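# A closer look at the structure
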Amino acid sequence: MKRLFVSLIVIFQFLSISCNNEITSPDMNFELSDHILGEYFVTSIAFDSKDVAWIGTFRQGLIKYDGSATYYNGDNSTLPDSIIIWTVAVDNNDVVWIGSNKGLIKYENNNFLIYNKSNAPLVTDNVYAITVDKNNSIWFTSCVFREGGIIKFDGINWKLFTPQNSDLPGSLTSDIITDEQNNKWATINDGNDGCSIVKINGDNFTTYTSDAINIPLYYFGCLSLGPNNNIYASLDYMLSSLADNTRPNIISYNGSSWKVINPVNENGKTFGYVGKIATDLNGNLWAATAEGIAVYNGQKWSKINEEIEIGMNSVYNITADNNNKIWIATSNGIYILK
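About the criteria used
- Residues numbered from 1 in each chain as written.
- Predicted model: local features only at pLDDT ≥ 70, side-chain atom pairs only at ≥ 80, totals over all residues.
- Heavy atoms only, no water.
- Pairing = 2+ DSSP bridges.
- Helix = DSSP H or I, 4+ residues; strand = E, 2+ residues; numbered from the N terminus.
- Axes fitted to C-alpha atoms, helices over the stretch in contact; angles between N-to-C directions.
- 1 Å grid on protein atoms, 1.4 Å probe; cavity = no way out; pocket = protein on both sides within 12 Å on 5 of 7 lines; lining within 4 Å.
- Points joined across faces, edges and corners; volume = space filled by probe spheres on them.
- Nonpolar A, V, L, I, M, F, W, Y, C, P; charged D, E, K, R; others polar.
- Polar contact = N/O pair within 3.5 Å; in protein donor to acceptor, adjacent residues only side chain to side chain.
- Salt bridge = Lys/Arg side-chain N within 4 Å of Asp/Glu carboxyl O.
- Buried < 20%, exposed > 50% of the residue type's maximum accessible area, 1.4 Å probe, protein only.

Before going further, it helps to examine the sheet that holds strand β7 (residues 96-100). Read across the sheet, four strands follow the order β6-β7-β8-β9 without closing on themselves; strand pairing throughout is antiparallel. Looking at strand neighbours, the two that pair on one side only are β6 (85-90) and β9 (111-115), the edges of this open sheet. Strand after strand, the sheet turns through a mean of 20° between neighbouring axes, direction not considered. The pairing of β6 with β7 spans five bridges and is antiparallel. For Val90, the partnering residue across the bridge sits in β7 and is Val96.

If you want it as structure tokens, here you go:
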């Protein structure tokens, strides 16, 4: 009896350790709660500490949404006309940062301040991705194919990282995020044979290639940070002529090893190619797939497309607000799930 009791304790401890390495949220019963801004082409959403949504659009300006919408565009602000907002981030002081085709834009105290090639060391005025680190420094992409790279801005000083002045493995960076240990992770897409993921710790760079990951890589889509500092990355096959959606669509890294976690149903049938991904406050992983929105709780995938029939080509951003509602940015406004 004592041996059985000890065995049960060991099994319980094993299960506890296993669960701690996985996403364990049991609640998969999400439903559509709202559809807003249906006439807007929404590209990005970020939330400040007061749960106000800051919404970027394609040539329709910036929107502040706190239950009602306030619009900023070239007619009523100093935002450039017909600006394309690629991404929005909010720093630790609730300052809004905008990545656009007109440069990096700071919004604070009702003022827009534009940084571009004329007044900052940007390589290109197209800023596609931004992350805010634990020290409230802004890291953003300023690059084209084989030119430029990643810029760090601490509010005073600028530092440009390129393959020429650092161990950054390539220039064309599709996304960048900050993990819980203040490391930066970036996806590099310098050609099909030049795709990699890089971890940046200060001035130290660790590069993960196909050989290191032991998975054939294609162009990367986006990154997301999961529980226990896990890193998720989606792969983008839009330029591929090979119709094989069983290739790695999402890969994850737990600090020691990489694995593929493609969206599939209970019978193992794929949901198709993947676009944007994100994690919510419970650690569930969300993905825009060819067959609609899917969510993964660490054990199984479920499709959330009974009420919203939107595929990966219409989804430009997925994010969770401070109440864990899921906001899905599309070319037809925002769908909110609860």
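Approximately 220 Å³ is the volume attributed to the second largest pocket. Lining the second largest pocket are 13 residues, and of these Asp48, Trp54, Asp94, Tyr107 and Asn109 sit closest to its centre. For the lining of the second largest pocket, the per-class residue count stands at five nonpolar, three polar and five charged.

Here we have four strands laid out as an open sheet, ordered β10-β11-β12-β13, and antiparallel in their pairing. Among the strands making up the open sheet, the edge pair consists of β10 (130-132) and β13 (158-161). When the angles between neighbouring strand axes are averaged without regard to direction, this sheet yields 20°. One ladder, built from three bridges, connects β10 with strand β11 (residues 138-144); its direction is antiparallel.

Let's shift gears to the environment of Asn265. When you line up the elements, Asn265 lands in the loop between β21 (258-260) and β22 (274-279). Considered as a pair, Asn265 and Asp203 are 62 residues apart in the sequence and their alpha carbons are 42 Å apart. Only 2.8 Å separates the side chain of Asn265 from the backbone nitrogen of Lys269, close enough to count as a polar contact.

Take the pattern of salt bridges next. Here the structure, examined in full by the defined rule, presents seven salt bridges. One salt bridge connects Lys50 with Asp94, and the closest N-O pair in it is separated by 3.6 Å. Residue Lys50 is located in the loop between β2 (42-47) and β3 (53-57), and its partner Asp94 is located in the loop between β6 and β7; the two are separated by 44 residues in the primary sequence. The partly exposed category is assigned to Asp94, whose relative accessible area is 23%. Salt bridges linked by common partners bring Lys269, Glu291 and Lys303 together as one network.

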